[in-house]
Amino acid sequence: PAGAFFGLLGPNGSGKTTLIGMVSGLVRAPAGHLFVFGHDAVADAQRARLLVGVSPQEVHLDRFVSSRDVLVYHGRYFGMARLEAGRRADELLEVFDLAAKTATRPNRLSGGMRRRLLIARALVHHPRLLILDEPTAGVDLELRREMWSYLRRLHGEQAVTVLLTTHYLEEAQELCERVGFIRAGRLLAEGTAGELIARYGGGDLQGAYIEAMR
């Protein structure tokens, strides 16, 4: 739903990455139609893509430019004027506590800072939908909880719909207003954590997920 923080959970190969690829225009659906806020992701791909920001699981950032330039170049790619992109970059560097690292190259940032810069980059062009593909994968528990704090604040301040994929069930239960279970390309169940626990049992979201996947 628009404005929601939605978690998509499923095993490897369930279709999460394929779905993200279709929404962002990198993968063509073999059948059917996909709409992004009413825009066909194939027939109206350019407009649909402008409405989506993706923070990928893998950290790919240009190591030869400053953190600010990473954001400015991304905004320019999406058609923003240089001045507008610069202002937006400065705003997001403040939001993600990276203002002191404006001139620092991404390869000199800590792992947590690089993750935050990835999310900031995805937000530069004011997307209506932000896709976070396992944003805390491979980070320790302390850093994961720090990221949770940023993501909660992000959802409240940026007025954006968030789609989160994660293998950490406690992360989905902590952050997401609604959660979907996906397997083999099919959505098995969807609802609040409480609704899914009541439906499948297990005592918590992880238990409900295990029961649903059987």
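One can find the structure itself at the top, above this paragraph.
All residue numbers here refer to positions counted from 1 along the written sequence of the relevant chain. Note on the predicted model: pLDDT of at least 70 is required for a residue's local features to be given, and 80 or more for side-chain atom pairs to be given and counted; whole-chain, interface and lining totals, by contrast, use all residues. With hydrogens and water set aside, each side-chain value is computed from the structure's full complement of heavy atoms.

### Examining the overall build of the protein chain
Here is step 1: Secondary structure elements follow DSSP: runs of H or I of four or more residues count as helices, runs of E of two or more count as strands, with numbering from the N terminus. Check the secondary structure of the protein chain and you find 9 helices and 8 strands.
Here is step 2: Radius of gyration (C-alpha) of the protein chain: 18 Å, near the 17 Å computed for a compact globule of 214 residues.
Here is step 3: Over its C-alpha atoms, taken along the principal directions, the protein chain stretches across nearly 50 × 45 × 25 Å.
Here is step 4: By sequence separation, contacts in the protein chain at least 24 residues apart represent 68% of the contacts at least 6 residues apart.
Here is step 5: To be clear on the numbers: accessible area is Shrake-Rupley with a 1.4 Å probe, and residue cover counts the displayed protein chains and nothing else. Accessible surface, the protein chain: about 10700 Å² in total, of which carbon and sulfur atoms supply 49%.
Here is step 6: Averaged over its 27 positive side-chain charges, the protein chain has a centre that lies 5 Å from the centre of its 24 negative ones. In this description the radius of gyration comes from C-alpha coordinates, and the expected globular size is given by 2.2 Å times residues to the power 0.38. Here a residue-residue contact requires only that any non-hydrogen atoms of the pair lie within 4.5 Å. In this tally, Lys and Arg are treated as positive and Asp and Glu as negative; His is ignored, and so are the chain termini. Positions of charges follow a simple convention, taking NZ of Lys, CZ of Arg, CG of Asp or CD of Glu.

### Describing the environment of Arg 183
Here is step 1: Summarising the element assignment, Arg 183 is placed in strand 7 (residues 178–183).
Here is step 2: What makes Arg 183 partly exposed here is its relative accessible area of 33%.
Here is step 3: Beyond its immediate chain neighbours, meaning those up to four positions away, Arg 183 contacts Ser 14, Leu 188, Ala 212, Met 213 and Arg 214. Exposure is judged per residue with a 1.4 Å probe applied to protein chains only, and the accessible area is read against the type maximum: over 50% gives exposed, under 20% gives buried, and values in between give partly exposed.

### As for the nonpolar core
Here is step 1: Core analysis: the largest hydrophobic core is formed by 46 residues, its most contacted members being Leu 71, Phe 96, Ile 119, Phe 181 and Leu 205.
Here is step 2: At 6 residues, helix 5 (residues 111–123) tops the list of elements feeding residues into this core.
Here is step 3: Those residues in contact with Phe 96, other than ones at most four positions away along the chain, are Arg 116, Ile 119, Ala 120, Leu 123, Tyr 150, Arg 153 and Leu 154.
Here is step 4: For the purposes of this section, nonpolar cores are sets of buried Ala, Val, Leu, Ile, Met, Phe, Trp, Tyr and Cys residues that join through side-chain atoms within 4.5 Å. Counting 13 residues, the second largest nonpolar core, distinct from the first, contains Ile 20, Ala 41, Ala 48 and Ile 182.

### A word on the pairing of strand 7
Two faces, one strand: in a regular strand the side chains alternate between the faces of the sheet.
Here is step 1: Think of it this way: DSSP has to see at least two bridges between two strands before they count as a pair. Relative to strand 7, strand 1 (residues 5–9) is paired through 4 bridges, and the arrangement is parallel. Within strand 7, the position partnered with Leu 8 by the bridge is Gly 180.
Here is step 2: Two strands pair when backbone bridges link them, and strand 7 and strand 8 (residues 186–191) are joined in this way by 5 bridges, in the antiparallel orientation. Opposite Gly 180, over in strand 8, you have Glu 190 as the bridge partner.
Here is step 3: Following strand 7, the chain reverses through 2 residues before pairing antiparallel with strand 8; Ala 184 in that reversal takes a positive phi of roughly 50°.

### Remarks on the side chain of Ser 55
Here is step 1: Residue placement: Ser 55 occurs in strand 4 (residues 52–55).
Here is step 2: The class of Ser 55 is buried, set by a relative accessible area of 2%.
Here is step 3: Not counting residues up to four positions away in its chain, the partners in contact with Ser 55 are Leu 118, Ile 119, Ala 122, Ile 131, Leu 132 and Asp 133.

### Observations concerning the side chain of Thr 165
Here is step 1: On the secondary structure map, Thr 165 appears in strand 6 (residues 161–165).
Here is step 2: At a separation of 2.7 Å, a polar atom in the side chain of Thr 165 contacts the side chain of Asp 133.
Here is step 3: Residue contacts for Thr 165: discarding those within four places in its chain leaves Leu 8, Lys 16, Ile 20, Leu 132, Asp 133, Glu 134 and Pro 135. In the analysis that follows, any N or O atom pair within 3.5 Å is treated as a polar contact, provided that within protein one partner can donate a hydrogen and the other can accept it, and provided that, for residues neighboring in sequence, both atoms belong to side chains.

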